Amino acid sequence: MIPRTPAKPARAKQTASQRRDWPHRTSELGDFLPDGFVVGVSSSAFQIEGSARDGGRGDSVWDTFTASSGRIIDGSNAAIGADHLAKFAEDATLLRELGVDAYRFSLSWPRLQAEGRGALNRNGLAFYDRLLDALLADGISPMATLSHWDTPAALRGGWLNRDTAGRFGDYAHAVGEALGDRIDSWVTLEEPATVMLNGYALGSQAPGRALLFDALPTAHHQLLAHGLAVQGLRAADVRGRIGLSNAYSPVESLTDREQDRSYAALYDLLHNRIFADPVLLGRYPDPLEPFAVELRGLLEADPADLAVIHQPLDFYGLSYTEPTRIAAGTGRIVSRDDPAPVAPAFPFHAAAYREFPLTGAGAVNAPEYLGVALAELHTRYGDALPPVYITTVGAGFADQADERGVVHDPLRIDYLAEHLQAAVNAVRPGGAAAGVDLRGFFVRSLLDGFEWSAGYTQRYGLVQVSFSDGMTTRTPKDSYRWLQKVLAAR
């Protein structure tokens with residue numbers, strides 16, 4: 001989320017799992033999973049649905065962002081994505097044959113409300129009706145996310161505008177009334193920290209604002225939207241469980257110097273605590289003294305808002321990618337001979353973890369830190385922490401099919417196996433996070449899709465999506481076959 005000191009790419013010949021004695025192939029891992037533990041896969045609407053101009057769908061902030069030159073690495077957009085809207089029946093078959101317990105997908109807010117308000121779009125609603133029917137017919141539990149970053153562009157100001165929170169609450173109530181009898185689990189928002197930091201503080205993602213600390217109101221407005229959505233869903237008498245999905249990254253300082261430690265504590269607050277504390281404890285964390293001016297808005301939060309945010313939850317979603325090592329300074333190399341302006345930056349950066357390999361997308365591959373994340377949640381929130389689902393874990397690589405059309409992705413298999421086992425080991429008796437009620441694990445993702453600012457340069461899917469002559473084809477990768485065997489061996 002913040003500028004990182006470059007590290008050498010990981011070497012593919014060895015991964016962490018090969019240096020450990022963890023069983024991670026097929027039946028061994030199937031036997032390792034606890035009884036009743038939910039294993040699912042995830043997706044998000046903007047990344048895979050396509051049909052961007054069909055059926056009355058409105059633009060989202062990501063449509064606007066991708067239309068701006070230079071925003072997306074390969075200059076692509078999500079107009080087609082994985083063409084899921086047209087091929088959902090094929091994708092439902094892939095889910096059934098994979099053998100997952102649950103499917104986590106997101107509802108496209110601009111497909112259901114083009115303007116972010118008013119009656120739900122019948123065409124959009126009909127698509128989700130068909131998708132739910134297919135899932136339930138195959139015994140797959142639906143987990144629906146109300147919004148995964150694709151805020152309607154028509155809502156002026158986006159999450160800087162407090163009114164967007166009210167619109168989201170209304171939207172949640174309307175969707176709950178329409179679909180609430182068939183969805184088993186509801187996620188209100190996906191990673192509000194990512195939206196604030198990347199979308200509004202740094203400008204690297206939609207809507208592309210670079211406000212640094214002035215982006216903090218978007219944190220509060222998203223949290224308020226979450227609370228209003230929980231109220232809206234419960235007023236609609238939905239039958240499913242309700243939670244949210246927060247990104248969490250264990251944070252440490254590069255050195256023991258006071259400046260590094262201070263900035264590490266600040267980043268922990270910005271990324272983790274201001275999004276978890278109000279939801280689970282009903283209050284914002286105390287602002288750190290050196291940054292009291294920048295964080296003053298946390299002290300000024302209306303207690304009535306905090307009461308709305310602090311709704312009882314049925315589960316808490318943890319979205320995990322990597323740990324973060326913080327050092328003072330922007331991390332940029334600035335030449336006095338280069339007068340080109342640079343984007344605003346925080347006074348700290350993410351330093352490299354040279355002791356761990358990287359994924360193809362440049363994320364630190366450190367599965368043990370998933371156990372650290374669970375342990376920190378337990379330590380910080382104790383009995384206030386409801387049952388936990390790991391709602392997102394996945395790795396991006398530039399997968400390519402061989403001459404026979406087969407996609408070999410052993411690094412993804414190792415990555416998923418390591419993280420799944422790290423999570424389960426952490427919550428076992430004697431584990432670092434013993435006491436956490438861990439209920440399930442969702443793999444990102446079922447399909448290759450549009451990977452936000454990376455466009456189509458990175459692939460996260462268990463199923464390859466290929467594009468040719470405006471058509472998409474699906475090819476299960478080795479990781480799909482591996483997970484299929486793991487689930488069959490339980």
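In this text, all values refer to a predicted model and were calculated from it rather than measured experimentally.

K.L.:
I keep staring at the packing of helix α13 (residues 368-381) against helix α14 (residues 410-427) and nothing clicks. Help me out?
P.N.:
A pair of packed helices can be characterised by two numbers: the angle between their axes and the separation between those axes. At a closest axis distance of 8 Å, the pairing of α13 and α14 adopts a crossing angle of 35°. Between α13 and α14 the crossing geometry is right-handed. Residue-level inspection shows Leu 370, Gly 371 and Leu 374 of α13 in contact with α14, the latter providing His 419, Ala 422, Ala 423, Ala 426 and Val 427. A per-class count over the contact of α13 with α14 returns 6 nonpolar, 2 polar and no charged.

K.L.:
How do you make sense of the nonpolar core when you look at a structure like this?
P.N.:
Note that soluble globular proteins tend to have their nonpolar side chains buried in a common cluster. Judged by nonpolar contacts, the single largest core of 146 residues is most densely connected at Val 41, Trp 62, Leu 107, Leu 146, Trp 186 and Leu 374. Counting residues in each nonpolar core, the second largest holds 7 residues, with Val 38, Met 143, Phe 315 and Phe 442 among its members.

K.L.:
How do you make sense of the packing of helix α4 (residues 84-98) against helix α6 (residues 122-137) when you look at a structure like this?
P.N.:
Two numbers describe how α4 lies on α6: the axes approach to 10 Å, and their chain directions differ by 10°. Here α6 runs roughly parallel to α4, going by the angle between their axes. Residue-level contacts link His 84, Leu 85, Phe 88, Ala 92 and Leu 95 of α4 to Phe 127, Arg 130, Leu 131, Ala 134 and Leu 135 of α6. Tallied by class, residues from the contact of α4 with α6 come to 8 nonpolar, 1 polar and 1 charged.

K.L.:
I'm lost on helix α10 (residues 258-281) in this one. Help?
P.N.:
The periodicity of an α-helix, 3.6 residues per turn, causes residues three or four positions apart to be oriented the same way. The terminal C-alpha atoms of α10, which comprises 24 residues, lie only 29 Å apart, well short of the 34 Å expected from a rise of 1.5 Å per residue. Its maximal kink placed at Arg 273, α10 deviates by approximately 55°. Across the 24 residues that make up α10, a large majority, 17, are buried. In the segment just after α10, Gly 282 is the residue with positive phi, at about 80°.

K.L.:
Would you mind showing me how to read the pairing of strand β2 (residues 102-106) here?
P.N.:
Of all 5 residues in β2, 5 are buried, a share of seventy percent or more. Side chains of β2 alternate between two faces, with Ala 102, Arg 104 and Ser 106 and Tyr 103 and Phe 105 buried alike. In the sheet, strand β1 (residues 38-42) pairs with β2 via 3 bridges, with the strands oriented parallel. Pairing of Gly 40 across the sheet is with Ala 102, part of β2. Relative to strand β3 (residues 141-147), β2 runs parallel, the two sharing 5 bridges. Across the sheet, residue Tyr 103 finds its bridge partner in β3, namely Pro 142.

Here is what the cut-offs are and how they apply
- Residues numbered from 1 in each chain as written.
- Predicted model: local features only at pLDDT ≥ 70, side-chain atom pairs only at ≥ 80, totals over all residues.
- Heavy atoms only, no water.
- Axes fitted to C-alpha atoms, helices over the stretch in contact; angles between N-to-C directions.
- Helix = DSSP H or I, 4+ residues; strand = E, 2+ residues; numbered from the N terminus.
- Left-handed = near helix turned anticlockwise from the far one by under 90°.
- Contact = heavy atoms within 4.5 Å.
- Nonpolar A, V, L, I, M, F, W, Y, C, P; charged D, E, K, R; others polar.
- Core = buried A, V, L, I, M, F, W, Y, C linked by side-chain atoms within 4.5 Å.
- Buried < 20%, exposed > 50% of the residue type's maximum accessible area, 1.4 Å probe, protein only.
- Parallel < 35°, antiparallel > 145°, perpendicular 65-115°, else oblique.
- Expected span 1.5 Å × (residues − 1).
- Bend = angle between axes of the 7 residues up to and from the residue.
- Pairing = 2+ DSSP bridges.

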